[in-house]
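Observations on the three-dimensional arrangement
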Amino acid sequence: MYIDIKSYLKDNHLTIYVISKKSGYGYTTLHKSFNKKQSSATSLNIRDIDAIAKAQNLEMWRVLRDLELHYLK
């Protein structure tokens, strides 16, 4: 299973640039994270979820719930 993060970003009208600007996390760090191949050994981490939440002014649990309900493959 993996999280279809690119679809989540597209559906929520987010770009890595916008997320990095609003969250304060570095663009390069987020770009590497969101574009890596996910496996059971590598998945989204807390920083990634925090960055997405900050960019949308949401709590992290809301982002996690949305990812789990709609973007888990």
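About the thresholds
Sequence order sets the numbering: in each chain, residues are counted from 1 along the sequence as written. Two thresholds apply to this predicted model, a pLDDT of at least 70 for residue-level local features and 80 or more for giving and counting side-chain atom pairs, whereas whole-chain, interface and lining totals are computed over all residues. Computation of side-chain values covers all heavy atoms of the structure but excludes hydrogens and water. Secondary structure elements follow DSSP: runs of H or I no shorter than four residues count as helices, runs of E no shorter than two count as strands, and numbering proceeds from the N terminus. Taken over C-alpha atoms, the radius of gyration is set against a globule rule of 2.2 Å times the number of residues to the power 0.38. Between buried and exposed lies partly exposed: a residue is buried under 20% and exposed over 50% of the maximum accessible area for its type, with that area taken using a 1.4 Å probe on protein chains only. What makes two residues a contact is simply this: any of their non-hydrogen atoms within 4.5 Å. Calculation of accessible area relied on Shrake-Rupley with a 1.4 Å probe; when residues are assessed, cover is drawn exclusively from the protein chains displayed. The charge count includes Lys and Arg as positive and Asp and Glu as negative, but it does not include His or the ends of the chains. Where a charge sits is defined by one atom per residue type, namely NZ (Lys), CZ (Arg), CG (Asp) or CD (Glu). Residues adjacent in sequence count toward polar contacts only when both atoms are side-chain atoms; beyond that, a polar contact is any pair of N or O atoms within 3.5 Å, and within protein one must be able to donate a hydrogen and the other to accept it. The term salt bridge refers to a pairing of a side-chain nitrogen on Lys or Arg with a carboxyl oxygen on Asp or Glu at a separation within 4 Å.

Within the protein, the secondary structure is distributed over five helices and zero strands. For a compact globule of 73 residues, the expected C-alpha radius of gyration is about 11 Å, and the protein comes in at 11 Å, within 12% of that figure. For the C-alpha atoms alone, the extent of the protein along its principal axes is close to 30 × 25 × 20 Å. The buried share of the protein, reckoned over its 73 residues, is 32%. A separation threshold of at least 6 residues defines the contact pool for the protein, and within that pool the share at least 24 residues apart is 52%. By element, 53% of the accessible surface of the protein is carried by carbon and sulfur atoms, the whole surface being about 4,900 Å². Between the centroid of the 12 positive side chains of the protein and the centroid of its 7 negative side chains there is a distance of 7 Å.

Structurally, D48 is set in helix α4 (residues 46–56). For the pair D48 and F34, spaced 14 residues apart in sequence, the C-alpha separation works out to 8.1 Å. Each residue touching D48, except ones within four places of it in the same chain, is listed here: L30, S33 and F34. There is a polar contact of 3.0 Å between the side chain of D48 and the side chain of R47.

Turning to the pattern of salt bridges, a few remarks are in order. Side-chain pairs of opposite charge can arise whenever the charged atoms involved come near each other. As enumerated under the stated definition, the model contains three salt bridges in all. For the salt bridge of D48 with R47, the shortest nitrogen-to-oxygen distance reads 3.0 Å. Notably, a salt bridge pairs D50 with K54, separated by 3.4 Å at the nearest N-O pair. One end of the pair is D50 and the other is K54, both in helix α4 and four residues apart, which spans about a single turn.

Geometric descriptors of this kind do not, in isolation, establish any biological role.
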